Amino acid sequence: MTKPPLTLYLAAPRGFCAGVDRAIKIVEMALQKWGAPVYVRHEIVHNKFVVDGLRAKGAVFVEELDECPDDRPVIFSAHGVPKSVPAAAAAREMIYVDATCPLVSKVHIEAQRHAEAGLQMIMIGHKGHPETVGTMGQLPDGEVLLVETVDDVAGVQVRDPEKLAFVTQTTLSVDDTRDIVAALQDRFPAIVGPHKEDICYATTNRQEAVKTVAPKSDALLVVGAPNSSNSRRLVEVASKAGCTYAQLVQRATDIDWRALDGISSIAITAGASAPEVLVNEVIDAFRDRYDVTVETVETATENVEFKVPRILRVPA
């Protein structure tokens, strides 16, 4: 039986960003340097396949620092942590390695700088997301107010409307964030923004690639984890860009083939913490069912690389 033809648009850039690449490398290098077990506070990145792979090598994932023994190294995830966490590790004389993405660290530094200038912070982000918790935890309680939507802006209660600054989570939708920033600037004309947009280059690039492939595709799949903010934003961006069926899948086994019945084109992308092996697995699943023509649609090239912390570059 002949397979139906299918054009598969492969979005580029997709998948791992420099911050995720660095975080995974940090865990692997820590295991090489100190041996197993090495403890990791929270998922190092939001991807089950990646976390399971590191767990098999000897990484132990915990939710809080008090689950870690004093005598084994601990790594803080790429999303960043409140200031209290490294302070507690230092008080216990633990070896710790901070895998916070440098672009998240940049937001932390911004928040600190604004606070030192006497400004109260407003953070645009998702409540409870590890990155938001980490950024808000850079300053004392009450110094960072969270808004998630344009509607939230109307209700936020500030100390002094003349002394405000805003920062954003790095993995948000570029378009949605633009609307929230506009609402903040409209309500608080004196509010100070970042020198350079906080949303990271990788988030922006992946969203732009999706905007290009979505309108020409009958369906779009984002390979990524359900707790990955940047992956979920890609689904939203695809829907807004005109794709009638956009779904998040962790891997090929999650594909709803009945929903894709009758399609002649599909676009595939991956969130910033999804490895390429899972993208290839999805492509192979389509090859099993269709006569696939793959067309890569590249909207930007990425050559960013972040150094790992010095503690991992010197001998034990």
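Look above for the structure.
Residues numbered from 1 in each chain as written. Predicted model: local features only at pLDDT ≥ 70, side-chain atom pairs only at ≥ 80, totals over all residues. Heavy atoms only, no water.

1. Digging into empty space enclosed by the protein
Remark: the empty space left among the atoms is shown by a probe the size of a water molecule rolled over them. With the rule as written, the count across this model stands at one cavity of 30 Å³ or more. In this model, the largest cavity occupies a volume close to 290 Å³. Surrounding the largest cavity, 26 residues form its lining, Cys17, Val20, His79, Thr171 and Asn230 being those nearest its centre. Listing elements by their share of the lining of the largest cavity, those giving two or more residues are helix H1 (18-34), helix H4 (102-116), helix H8 (201-213) and helix H9 (229-240). For the lining of the largest cavity, the class distribution of residues is 14 nonpolar, eleven polar and one charged. (1 Å grid on protein atoms, 1.4 Å probe; cavity = no way out; pocket = protein on both sides within 12 Å on 5 of 7 lines; lining within 4 Å. Points joined across faces, edges and corners; volume = space filled by probe spheres on them. Helix = DSSP H or I, 4+ residues; strand = E, 2+ residues; numbered from the N terminus. Nonpolar A, V, L, I, M, F, W, Y, C, P; charged D, E, K, R; others polar.)

2. Some remarks on the packing of aromatic side chains
Counted by the stated rule, this structure contains three aromatic pairs. Arranged with centres 4.8 Å apart and planes meeting at 65°, the rings of Trp257 and Phe286 form a pair that is edge-to-face. You can see Trp257 sitting in the loop between strand E10 (246-249) and strand E11 (265-270) and its partner Phe286 sitting in helix H10 (residues 276-289), a full 29 residues away along the chain. On the accessibility criterion, Phe286 (0% relative accessible area) is buried. An aromatic cluster of at least three residues, connected via ring pairs, comprises Trp257, Phe286 and Tyr290. Directly above the ring of Tyr9 sits Lys216, whose terminal nitrogen or CZ lies 5.1 Å from the centroid. Seen from the ring of Trp257, Arg289 lies directly overhead, with NZ or CZ sitting 3.9 Å from the centre. (Phe/Tyr/Trp six-rings, centres within 6.5 Å; stacked < 30°, edge-to-face > 60°. Buried < 20%, exposed > 50% of the residue type's maximum accessible area, 1.4 Å probe, protein only. Lys NZ or Arg CZ within 6 Å of the ring centre and 35° of its normal.)

3. Thoughts on the pairing of strand E6 (residues 120-124)
With respect to burial, E6 is a largely interior element, five of its five residues being buried. Taken together, the five bridges between E6 and strand E8 (residues 164-168) define a ladder with parallel strand orientation. Looking at the pairing, Gln120 lines up with Leu164 of E8. Direction of pairing for E6 relative to strand E7 (residues 144-147): parallel, over a ladder of four bridges. (Pairing = 2+ DSSP bridges.)

4. Quick word on the sheet that holds E8
Overall, parallel pairing links the three strands, which are arranged E7-E6-E8 in an open sheet. Only two strands of the sheet have a single partner each, and these edge strands are E7 and E8. The sheet shows a mean angle of 30° between the axes of neighbouring strands, taken without regard to direction. Running at roughly 175° to E8, H4 makes contact with E6 and E8 of the sheet. (Axes fitted to C-alpha atoms, helices over the stretch in contact; angles between N-to-C directions. Contact = heavy atoms within 4.5 Å.)

5. Some thoughts on the nonpolar core
Residues Val27, Ile44, Leu54 and Ile75 are the most contacted members of the largest nonpolar core, which totals 32 residues. For this core, the secondary-structure elements that each account for two or more residues are H1, strand E2 (38-41), helix H2 (48-57), strand E3 (59-62) and H4. When neighbours within four sequence positions are excluded, Ile75 is seen to be in contact with Ile26, Val27, Ala30, Val38, Tyr39, Val40, Arg41, Ile44, Val97 and Ala99. Formed by 23 residues, the second largest nonpolar core is a distinct cluster that contains Leu221, Leu260, Ile263 and Ile283. (Core = buried A, V, L, I, M, F, W, Y, C linked by side-chain atoms within 4.5 Å.)

Honestly, that's just the spatial picture; any functional story needs more than this.
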